[in-house]
Structure formats: structure tokens, C-alpha cells
Amino acid sequence: MAQEKEHIALHIDDAGKERTGELRKELSGVKETLNGVQETLKNCQEVLDSSVSQDARRASEDLDAQWKNFQDMFDQMNKNMITNLASSLQQEGFGRLMRPSLSSTEEELTPEQKEEVLGYDFSLQKVASLIKSKKATKIVVMAGAGISCSAGIPDFRSAGGLYANLAKYNVPELPTPEDVFCIEYFHEDPMPFTVLAKDMMPGTYAPTPTHHFIKLLSDKGLLQRLYTQNIDTLELLAGIPEDKTVFAHGSFADVHCTNTDCLERMKLEEWRKSIEQQEPPRCNKCSEEALVKPDIVFFGEDLPERFSTLRRKDLGDADLLIIMGTSLYVSPFNGLVELVRNTTPRVLINNEAVGDNVGLAYAEKDNYRDVFLHGTCDEQITTLCEELGWGEELKELIERQKSKANNGWDQVVWAQSQLP
Ligand code: OAD
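Residues numbered from 1 in each chain as written. Predicted model: local features only at pLDDT ≥ 70, side-chain atom pairs only at ≥ 80, totals over all residues. Heavy atoms only, no water.

Participant: Describe the overall build of the protein chain, listing the residues and the values that go with them.
Facilitator: The helix and strand inventory of the protein chain stands at 14 helices and 8 strands. Counting across all 420 residues of the protein chain, residues that qualify as buried make up 48%. Taking the intrachain contacts of the protein chain between residues at least 6 apart in sequence as the baseline, contacts between residues at least 24 apart amount to 71%. Of the roughly 21300 Å² of accessible surface on the protein chain, a fraction of 50% belongs to carbon and sulfur atoms. (Helix = DSSP H or I, 4+ residues; strand = E, 2+ residues; numbered from the N terminus. Buried < 20%, exposed > 50% of the residue type's maximum accessible area, 1.4 Å probe, protein only. Contact = heavy atoms within 4.5 Å. Areas by Shrake-Rupley, 256 points an atom, 1.4 Å probe, with all protein chains shown as cover.)

Participant: So, helix α14 (residues 409–417): which residues are in play, and what are the values?
Facilitator: Listed in full, the buried residues belonging to α14 are Trp409, Val412, Ala415 and Gln416. The buried residues of α14 occupy an angular sector of 125° when the element is viewed end-on, so they sit on one face. Set apart from the buried face of α14 by more than 90 degrees, the exposed residues are Trp414 and Ser417. (Arc of directions from axis to C-beta.)

Participant: Lay out the sheet that holds strand β7 (residues 346–350) in plain terms, naming residues and giving numbers.
Facilitator: Spatially, the 6 strands line up as an open sheet ordered β3-β2-β1-β6-β7-β8, and their pairing is parallel. Single-partner strands in this sheet number two, and they are β3 (245–247) and β8 (370–374). The mean inter-strand angle of the sheet, taken between neighbouring strand axes irrespective of direction, is 15°. Pairing between strand β1 (residues 139–143) and strand β2 (residues 223–228): 5 bridges, direction parallel. Residue Val140 lies in a different strand from β2, and its bridge partner there is Arg225. (Pairing = 2+ DSSP bridges. Axes fitted to C-alpha atoms, helices over the stretch in contact; angles between N-to-C directions.)

Participant: I'd like a rundown of the packing of helix α8 (residues 209–219) against helix α13 (residues 391–402), residues and numbers included.
Facilitator: Two elements in contact, α8 and α13, have axes separated by 9 Å at closest approach and are oriented at 120°. In terms of their interaxial angle, α8 and α13 are classed as oblique. Between α8 and α13 lies a crossing whose hand is right-handed. On α13, the residues that touch Pro209, His212, Phe213, Lys215 and Leu216 of α8 are Glu393, Leu394, Leu397, Ile398 and Gln401. (Parallel < 35°, antiparallel > 145°, perpendicular 65-115°, else oblique. Left-handed = near helix turned anticlockwise from the far one by under 90°.)

Participant: Give a detailed account of the nonpolar core, specifying residues and quantitative values.
Facilitator: Formed by 43 residues in total, the largest nonpolar core has its most connected members in Phe181, Phe193, Leu196, Phe252 and Trp271. Of all the secondary structure elements, the ones that give two or more residues to this core are α6 (183–188), α7 (191–200), α9 (234–237), β4 (250–257), α10 (268–276), β5 (292–296) and α14. In terms of residue count, the dominant contributor to this core is α7 (5 residues). Counting 38 residues, the second-largest nonpolar core is a separate cluster that includes Ile147, Leu216, Leu217 and Leu384. (Core = buried A, V, L, I, M, F, W, Y, C linked by side-chain atoms within 4.5 Å.)

Participant: Describe the packing of aromatic side chains, naming the residues involved and giving the relevant values.
Facilitator: All chains considered together, the criterion is met by 14 aromatic pairs. With a centroid separation of 6.1 Å and an interplanar angle of 80°, the aromatic rings of Tyr227 and Phe307 are classed as edge-to-face. Separated by 80 residues along the polypeptide, Tyr227 in strand β2 and Phe307 in helix α11 (residues 305–317) bring together distant segments of the chain. One aromatic cluster in this structure is built from Phe156, Tyr163, Phe181, Phe186, Phe193, Phe252, Trp271 and Phe298. (Phe/Tyr/Trp six-rings, centres within 6.5 Å; stacked < 30°, edge-to-face > 60°.)

Participant: Explain α8 to me, and be specific about the residues and the numbers.
Facilitator: Taking burial as the measure, the 11 residues of α8 include 9 buried ones, the bulk of the element. Along α8, the residues classified as buried are Thr210, His211, His212, Phe213, Ile214, Lys215, Leu216, Leu217 and Ser218. Lining the buried residues of α8 we find β1, β2, α9, β6 (320–324), α12 (377–388) and α13.

Participant: Kindly report on the environment of Thr210, identifying the contributing residues and their values.
Facilitator: Along the polypeptide, Thr210 turns up in helix α8. When its relative accessible area of 0% is taken as the criterion, Thr210 is described as buried. Measuring from C-alpha to C-alpha, the distance between Thr210 and Ile398 comes to 9.9 Å, with 188 residues separating the pair along the chain. Beyond its immediate stretch of four places on either side in the chain, Thr210 contacts Ile147, Met324, Cys377, Asp378 and Ile381.

Participant: So what's going on with the pattern of salt bridges? Which residues, and what values?
Facilitator: In the structure shown here, the tally under the stated rule is 12 salt bridges. Of the charged contacts, one joins Glu393 and Lys220 as a salt bridge, the two residues approaching to 2.9 Å between their closest N and O atoms. One end of the pair, Glu393, is in helix α13; the other, Lys220, is in the loop between α8 and β2, with 173 residues separating them in the sequence. Note on Glu393: relative accessible area 32%, which makes it partly exposed. (Salt bridge = Lys/Arg side-chain N within 4 Å of Asp/Glu carboxyl O.)

Structural data, given as C-alpha cells:
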């Protein structure tokens, strides 16, 4: 786990350093120009000093004025550069270092305002009443591996999870389990991921009741956005609209050459064939025979732009945050929790208590807005749906899913063919 933290921090530090390095280079370029100008001015001054004419004196004053202007411009440029540097550090990828928090700029709530949020009722029934009474109509859902466990896909960090049991999946030995998703390691040895990819292939698993619950939220116009860390494409198969979903860690839904000068798309069918033969897929366009991989965000890679462009507004607008099946361990994803207003209730549905690291306060004495529904996602959302009067609709979606052929492989292939 420490290793993984390091991967992420490294990614952030490297990007930060790169940007800082660029700005430093710019700054030293400007300094060089400035030195050149200073030299020229000095020469001019010497020429003028040696001259006694009135005109030459006027020209000298002119040059002094220009010099002052230039210095002012230089100061301003420095200020702008420092501001740019600060703001680029605030941008995506740096959330861990400088996590911006809306609540830090918000005023402390009065006791009445706190009471107003949940009335100090932290029950599932209270959560249902927020949705029923239309107090919550812009719901943001944050999801992790736990929502797909009942489909048969293990999570990552539980005792029975992927990282502790790689041997069970016949993945060749790795320095650390997380290296299976590390971009540097993938280029060194693509086999561990190739083995795992066969097991994680879309079309092997079907969406869970929890996925259908999110689909119901969307159908009822209550879903502001789903932010998922999952790469299994089950959101797509459940019919949750793509524009309502942010695949924060990418997914298996599309595949590209890793050579940045090529980036050629490979058809999923072709990629699947190589994976089934346990041959690491290689690009058949670029001459270097570069490796091809699904658009999953590996450690050492950037998150999709959509994550940075949408998150601030989505979370700022949210009137209910539901967090499901995640350890909230991975940054910057876990930082979303802190972006909601301090009047927005935050509900964690998980089979273990997590979130202390990002300020979830359901266990604190002064908690007024965080709810912890302890149990499996499917159990909790089934009860929630019954409370909401959506029980039958949920069952219908589950039944409809059963009639779908090959767990939606055709659907994923079709979706890829529609991509620009
Ligand atoms: P984790 O494995 O870190 O956490 C899953 C959480 O879900 C744990 O707290 C489990 O206890 C809980 N859980 C498991 N089954 C559950 C169930 N049926 N009902 C309720 N809770 C359940 O998975 P993530 O938080 O999703 O990165 O991990 C985040 C990222 O780390 C992943 O996206 C992955 C990984 O390295 C990439 O693939 C790039």
C-alpha cells in the first residue's frame, strides 16, 4: 500500500516538477533577454555620456523612461508567472499536495443550520426521505470496486482482494502487487497485466443491483454524475448514460497503442484475440511494434481530463453525495469527498468503516451531515429502494439484465465502434 501511495505521489511530484521546471526555464529566458537589453542600454548610455548635445540628453532621458517601463513589465511578468505556477499546482493531479476545499472558504454553520441538514437522524430512512421529499435532486455518486464484488470481480485491498491474491489468478510474480497496474512495469513486462486482463475481460461479468440503482437515479433525473474508479465497464452495461459517468480511472471500453507518436486505436475484438492467446497485444500500425493497452489509468498516468473539468461544479452543486464500495484510499479521487458544500449530506455505503482520511465524520461527536450505512452495497441499496418505493423497478432491471446475451460483450464492441 505504501508503494502505491508512492506511485501516486511520484506521479504528482513529477508533473509538478515538470511544470515548475518549464516556468523556471521561461524565467531564465526572460532574464537572459533582460541582461542583453541592459547591456545595450549601458552601451547607449556610454555613447550619450560622451556627447554634449541637447538631443543626446533628451534621448538619454527617453531611454531612462523606457528602462523603467521595461523593469515594471518585468516585475509584472514575474508576478503573473508566480500566479500561474500557483494555479497550475492547484489543477488536476496536484489535489494531493494542495487539495482545494470549498468548505474551507465557507462560513461555519450555526447550530440551526446544522440541525437543518439531517435533523441529527443518520438512518437509511432519513436518506430516503431526502430523496422522496425532493430535497436531494442533484445526487453525486462515488463508486469503487465494492459495487462490482457481487458480480464476481474481487476488490483490490480486502483480504480476499486482487492485490493479496494475484497468485490465484496465475499472475507472474511482481515486485509489488500494484505493479500490475504500473505503466513503467507494463513496458518492462506486459505479461502480468495480460494474464489479469483475460480474467477481467468485459463480457465476463454482469452489472449488480447497485449498478441498476445508479441507473434508476439517472432515469429519474436525480443523478448529477457518477464518478467511478472501476474499469470493468459494468456502468456501461447497466445503461447508465456515458454523459452521466466519469470513468476516473479509465476503463476496458477502448484500446490504444501506447506509443505517444501513434496512439492508434485497436478494435476490441482484435485486442481480445491476443489476450486470449496470452500474447501481449502490439500495434500493427506503428513501426515500433509498440504495446497496446486498454484506456485504463495506470499508476504513473494522468486521470482523464473530464475528471478535472467536471468535478468542481458537480460536487459544488451536489445536494447529496453517496459513496459506495471504496476504501477511499486513492488520491485524487478520494478528494471529491471534500469538494461538496458543508450543508451537503454525505452517505457512505460500505462493508467497513473508511473515510477518516478525507474528513468523513460519521464517527465524530459533532457530526451533523455524514451517514454510514454499514453492510454490502446490494443489501443497503435494496432496502433504500424499498423505502423509496422503487423495489419493483429495481427487480425489473435485474431481471432484464439476465436476458442479455454474453454479458454485454457485443454492447461494449458496438460502443467502441461509435467512438469518434
Ligand atoms: P479497494 O479494494 O481499495 O476498496 C474496496 C472497498 O469496498 C473496501 O473498503 C471493501 O471493504 C469494500 N467492499 C468490498 N466489497 C463490498 C461490498 N459487496 N459491499 C460494500 N463494500 C464492499 O477498491 P477501490 O477503492 O475501488 O486502480 O480502489 C481504488 C483504486 O485502487 C482502483 O480504481 C484501482 C486500485 O489500485 C486502478 O485500477 C488503476
